[in-house]
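In case you want the letters, here they are:
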Amino acid sequence: LAKKTLEETADEFETVSVADAGKIYSAPWIAWLNMRNMLPLCEFVIESSLYRKESRGVFARDDHFVCDNAEWLRNTVVKADGSIDSFSAQTPAWPPNFDRLPYFEAIDKLAERVG
């Protein structure tokens, strides 16, 4: 769903123009530039989260509803050419105290440690 929505947004953005792009500060022009720069970043975030076969942080997936530290405590890199790779993450300051848990149980465990 996110990928489809982003594609639709990018297609619609192609038709957007800025009426007031004057030489003095122009809020509409700045907003247009920001949106143009955010669209590829959003694509990278979506591709990265689809690459990971788990739920983590704000990326809760219906098809992989487990937080899997045993397999996915890794950094994921999406390159400009579209290739994706992952590599072992540095041990976090608060290493997880579980390997695999259903997503909401993992969130609860983290909340217990923080709070």
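Colleague: Account for the overall build of the chain, with residues named and values stated.
Modeller: Counting its regular elements, the chain contains 4 helices and 4 strands. Order of helices (α) and strands (β) in the chain, N terminus to C terminus: α-α-β-α-β-β-β-α. Whereas a compact globule of 115 residues would reach a radius of gyration of roughly 13 Å, the chain reaches 19 Å, over 25% beyond that. The C-alpha extent of the chain, read off along each of the three principal axes, is 55 × 30 × 25 Å. Counting across all 115 residues of the chain, residues that qualify as buried make up 19%. Summing over all exposed atoms, the chain offers an accessible surface of approximately 8500 Å²; the carbon and sulfur share of this is 57%. Here the chain contributes 13 positively and 19 negatively charged side chains, and the mean placements of these two sets differ by 5 Å.

Colleague: I'd like a description of the pairing of strand 3 (residues 84–88), backed by residues and values.
Modeller: Sheet topology note: the strand 2 (residues 74–78)/strand 3 ladder contains 5 bridges and is antiparallel. Across the sheet, the residue bridging to Val78 is Ile84, located in strand 3. Hairpin connection, strand 2 to strand 3: the antiparallel pair is bridged by 5 residues, and Gly82 has positive phi, about 95°.

Colleague: Could you give an account of the nonpolar core, with specific residues and numbers?
Modeller: If you look at the biggest cluster of nonpolar residues, it comprises 5 residues: Leu6, Phe13, Trp32, Leu39 and Ile46. Mapped onto this core, the elements with two or more residues apiece are helix 1 (2–13) and helix 2 (27–51). If you tally residues by element for this core, the top one is helix 2, at 3 residues. With sequence-adjacent residues up to four places away left out, Leu39 is seen in contact with Leu6, Thr9, Ala10 and Phe13.

Colleague: For a nonpolar patch on the surface, give the residues involved together with the corresponding values.
Modeller: On the surface, Ile24, Tyr25, Trp29 and Ile30 cluster together into a nonpolar patch covering about 480 Å² of accessible area. Turning to its location among the elements, Ile24 is positioned in the loop between helix 1 and helix 2.

Colleague: Go over the environment of Phe44 with me, naming the residues and quoting the values.
Modeller: Here Phe44 is to be found in helix 2. Assessed through its relative accessible area of 28%, Phe44 is described here as partly exposed. Counting along the chain gives 16 residues from Phe44 to Pro28, while the straight-line C-alpha distance between them is 25 Å. Sequence-distant contacts of Phe44, that is, excluding residues within four places in its chain, are made with Val78, Lys79 and Ala80.

Colleague: Run through the side chain of Asn69, naming residues and quoting values.
Modeller: Its location among the elements puts Asn69 in helix 3 (residues 69–72). The exposure class of Asn69 is buried, given its relative accessible area of 9%. Those residues in contact with Asn69 that lie beyond four places of it in its chain are Arg56, Pro96, Phe98 and Asp99.

Rules of the game
Residues numbered from 1 in each chain as written. Predicted model: local features only at pLDDT ≥ 70, side-chain atom pairs only at ≥ 80, totals over all residues. Heavy atoms only, no water. Helix = DSSP H or I, 4+ residues; strand = E, 2+ residues; numbered from the N terminus. Rg over C-alpha atoms; globule rule 2.2 N^0.38 Å. Buried < 20%, exposed > 50% of the residue type's maximum accessible area, 1.4 Å probe, protein only. Areas by Shrake-Rupley, 256 points an atom, 1.4 Å probe, with all protein chains shown as cover. Lys, Arg positive; Asp, Glu negative; His and termini not counted. Charge placed at Lys NZ, Arg CZ, Asp CG, Glu CD. Pairing = 2+ DSSP bridges. Core = buried A, V, L, I, M, F, W, Y, C linked by side-chain atoms within 4.5 Å. Contact = heavy atoms within 4.5 Å. Patch = residues over 30% accessible without salt bridge, like charges linked within 9 Å, V, L, I, M, F, W, Y side chains within 5 Å. Salt bridge = Lys/Arg side-chain N within 4 Å of Asp/Glu carboxyl O.

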